[in-house]
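Reading the structure
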Amino acid sequence: MARSNPTLKDKSIAEKQSFILDSAWQLFERFGYKKVSVDDIAQKLKISKGAIYLYFSSKEELFIKVLERNLKAPLDRARLIAQSKDMHIENKLSSVIMAKVGSQYASLYKSEVAAEIIEDAFHIANESMQQDMREFHQLVTKIIRESTNSGEISLSATGLTDK
């Protein structure tokens, strides 16, 4: 018997996907990837398992999309901070790092299965995780280069190089 969730009926596809991802993340965060099934997510949402498969082909895809969304928001916040022209490099780097790392690990910190989630993230969504790290590295490198080019800092004075 198909269950129905009235809160999903009048939503756009993107809103339905987001709603499913929110619920999936809550379960993954609490129980870990391995212990959560698509049935569990469907039960939480009060929808059929088939309704989830309309938007996601597998539990693995759902996990990858959750991770990508959870990686994107902090990186977007970090990019916004990096654009600030009136912050000293120390404050800018500190703020960028906190925007990226602090918010990502804040939710995991309270999870009893955090280590498992991180391990599964690198196993299942390694490409997404690696891409996120590359983009963050590029952002930090850009901040340092801009500060060097503007004369705000001198790498040679610290013994560092730009290589």
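Note that the structure is predicted; figures quoted are calculated from it, not measured.

1. Digging into the pattern of salt bridges
- Counted according to the given criterion, the structure contains nine salt bridges.
- A salt bridge links arginine 69 to aspartate 22; its shortest N-O distance comes to 2.7 Å. With arginine 69 in helix 5 (residues 59-82) and aspartate 22 in helix 2 (residues 13-31), this pair connects stretches of sequence that are 47 residues apart.
- What makes arginine 69 partly exposed here is its relative accessible area of 28%.
- The shortest N-O distance in the salt bridge between glutamate 68 and lysine 65 comes to 3.8 Å. Placement of both glutamate 68 and lysine 65 in helix 5 is noted, with a separation of three residues, approximately one turn of the helix.
- On the accessibility criterion, glutamate 68 (31% relative accessible area) is partly exposed.

2. So, the nonpolar core
- The biggest cluster of nonpolar side chains holds 29 residues, and the ones touching the most others in it are Ile20, Phe28, Ile41, Ile47, Ile52 and Leu62.
- Broken down by secondary-structure element, the contributors of at least two residues to this core are helix 2, helix 3 (38-45), helix 4 (49-53), helix 5 and helix 7 (114-124).
- Other than its neighbours up to four places away in sequence, phenylalanine 28 contacts Tyr33, Val36, Ile41, Lys59, Phe63, Val66, Val113 and Ile117.
- Residues Leu75, Ala78, Ala99 and Val140 belong to the second largest nonpolar core, which totals 11 residues.

3. Details of a nonpolar patch on the surface
- Side chains of Ile97, Val101, Tyr105, Ile118, Phe122 and Met133 sit close together on the surface and give an oily, nonpolar patch of about 470 Å² of accessible area.
- Top element by residues in the nonpolar patch is helix 6 (residues 89-109). It accounts for three residues.
- Tracing the backbone shows valine 101 in helix 6.

4. What to know about the packing of helix 7 against helix 8 (residues 126-149)
- The interhelical angle for the contact between helix 7 and helix 8, taken along N-to-C directions, is 95°, at an axis separation of 5 Å. In terms of their interaxial angle, helix 7 and helix 8 are classed as roughly perpendicular. Of helix 8, the residues touching helix 7 (which contributes Ala121, Phe122, His123 and Ile124) are Asn126, Met129, Gln130 and Met133.

5. Observations regarding unusual backbone geometry
- Phi is positive for lysine 46, which is not a glycine, with a value near 60°.
- Here lysine 46 is to be found in the loop between helix 3 and helix 4.
- Judged by its relative accessible area of 53%, lysine 46 falls in the exposed class.

What counts, and where the lines are drawn
Residues numbered from 1 in each chain as written. Predicted model: local features only at pLDDT ≥ 70, side-chain atom pairs only at ≥ 80, totals over all residues. Heavy atoms only, no water. Salt bridge = Lys/Arg side-chain N within 4 Å of Asp/Glu carboxyl O. Helix = DSSP H or I, 4+ residues; strand = E, 2+ residues; numbered from the N terminus. Buried < 20%, exposed > 50% of the residue type's maximum accessible area, 1.4 Å probe, protein only. Core = buried A, V, L, I, M, F, W, Y, C linked by side-chain atoms within 4.5 Å. Contact = heavy atoms within 4.5 Å. Patch = residues over 30% accessible without salt bridge, like charges linked within 9 Å, V, L, I, M, F, W, Y side chains within 5 Å. Areas by Shrake-Rupley, 256 points an atom, 1.4 Å probe, with all protein chains shown as cover. Axes fitted to C-alpha atoms, helices over the stretch in contact; angles between N-to-C directions. Parallel < 35°, antiparallel > 145°, perpendicular 65-115°, else oblique.

Just distances and angles here, no functional claims.
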